[in-house]
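Letter by letter, the chains look like this.
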Amino acid sequence: MTPARGDHDARRSEVSEGVWRVLSTRGFEGLTLRAVAAELGASTGLLTHYFPNKRALLSHALEELDRRSLARPRRTAPADGSAPPAGLARVRASLLDVLPLDGEAAADNRIWVGSWDHALADPELAAAHAGRYARSRTALTAHVADAQRLGELPARADPAALAAGAQAFVLGLVVQALFAPEEFPAERQTELLDAYLAGLAGLAGLAG
């Protein structure tokens, strides 16, 4: 007898939680069908119904990480329902949301960085990763363009190029903060980002 849709969805949600628990405690190196099955107290045979191979498991793990990262409270979407920041302030908020400024964000970023090695070794996973970063740049490009219209960033610069540079800067800062958290606490990460953005804003002033 085929399981009811509700039962299937509930089971899939349970499996996703098991994947996340293994991922958050053991990282991508420890993410295997056997480990997830042990976490759920189930057989690997049951899991192959959801993940026929290791790639499918890794792909689901990345999707789950993406979903949970997006579900975290965001500076660009105030929880009190107030209007989100605009212009350069929104660019700043978007970039702050990427940085490991607290324990939860640091944990998410450790998992993301840990996934890079696996993604680089698999064209399909690499393409999915590239797509995620491209979508992030697209959103950031729109915020940069708003800041340009407000005169806060250089009007003649290519907004996509500015967004790509900002993304590259903040991802580099993520790596430094993860490897040397004592040297790059939240306060210093914020100061470095603000200095970077002030440099861009200064170019707008010079152009004027």
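Residues numbered from 1 in each chain as written. Predicted model: local features only at pLDDT ≥ 70, side-chain atom pairs only at ≥ 80, totals over all residues. Heavy atoms only, no water.

Caption draft 1: Quick peek at helix 7 (residues 123-149). For helix 7, which comprises 27 residues, the first-to-last C-alpha distance of 38 Å matches the rise-based estimate of 39 Å (1.5 Å per residue) to within 8%. Every buried residue of helix 7 is accounted for by Leu125, His129, Arg132, Leu140, Thr141, His143, Val144, Ala145, Ala147 and Gln148. Buried residues along helix 7 sit against helix 4 (54-71), helix 5 (88-96), helix 6 (103-120) and helix 8 (159-179). Where helix 7 begins, the capping side chain belongs to aspartate 122, and its oxygen is found 2.9 Å from the backbone nitrogen of glutamate 124. Two residues or fewer past helix 7, glycine 151 is found with a positive phi of approximately 80°. (Helix = DSSP H or I, 4+ residues; strand = E, 2+ residues; numbered from the N terminus. Expected span 1.5 Å × (residues − 1). Buried < 20%, exposed > 50% of the residue type's maximum accessible area, 1.4 Å probe, protein only. Contact = heavy atoms within 4.5 Å. Polar contact = N/O pair within 3.5 Å; in protein donor to acceptor, adjacent residues only side chain to side chain.)

Caption draft 2: Geometry of the pattern of salt bridges. This model, assessed by the stated rule, comprises eight salt bridges. One salt bridge in this structure joins aspartate 66 and arginine 132, with 3.6 Å as the shortest N-O distance. Linking aspartate 66 in helix 4 with arginine 132 in helix 7, this pair joins segments that are 66 residues apart in sequence. On the basis of relative accessibility, which here comes to 13%, the residue arginine 132 falls in the buried class. The closest approach of N and O atoms between aspartate 146 and arginine 149, which form a salt bridge, is 2.1 Å. With a gap of three residues between them, aspartate 146 and arginine 149 both fall in helix 7, about one helical turn apart. On the basis of relative accessible area, arginine 149 is assigned to the exposed category, the value being 63%. One connected set of salt bridges, linked through shared partners, spans Arg55, Asp122 and Glu124. (Salt bridge = Lys/Arg side-chain N within 4 Å of Asp/Glu carboxyl O.)

Caption draft 3: Molecular detail of the packing of aromatic side chains. Counted under the stated rule, the structure contains two aromatic pairs. Note on tyrosine 50 and phenylalanine 51: the rings are 6.4 Å apart at their centroids and 50° apart in plane angle, and the pair reads as tilted. Residues tyrosine 50 and phenylalanine 51 agree in their burial class; the two are buried. (Phe/Tyr/Trp six-rings, centres within 6.5 Å; stacked < 30°, edge-to-face > 60°.)

Caption draft 4: Geometry of the environment of serine 24. Relative to the helices and strands, serine 24 is located in helix 1 (residues 5-26). Distance in space between the C-alpha atoms of serine 24 and leucine 65 is 9.6 Å, their sequence separation being 41 residues.

Caption draft 5: The packing of helix 6 against helix 8, seen in detail. The geometry of helix 6 relative to helix 8 is characterised by a closest axis approach of 10 Å and an angle of 105° between their N-to-C directions. Between helix 6 and helix 8, the angle falls in the class roughly perpendicular. In this structure, helix 6 uses Ala106, Asn109, Arg110, Val113 and Trp116 to contact helix 8, whose residues at the interface are Val174, Val175 and Leu178. Looking at side-chain class alone, the contact of helix 6 with helix 8 contains six nonpolar, one polar and one charged residues. (Axes fitted to C-alpha atoms, helices over the stretch in contact; angles between N-to-C directions. Parallel < 35°, antiparallel > 145°, perpendicular 65-115°, else oblique. Nonpolar A, V, L, I, M, F, W, Y, C, P; charged D, E, K, R; others polar.)

Caption draft 6: Looking closely at the environment of alanine 160. Position of alanine 160 relative to the elements: it lies in helix 8. Look at alanine 160 and you get partly exposed, because its relative accessible area is 38%. On a C-alpha basis, the gap between alanine 160 and alanine 142 in space is 8.4 Å, while along the polypeptide they are 18 residues apart.

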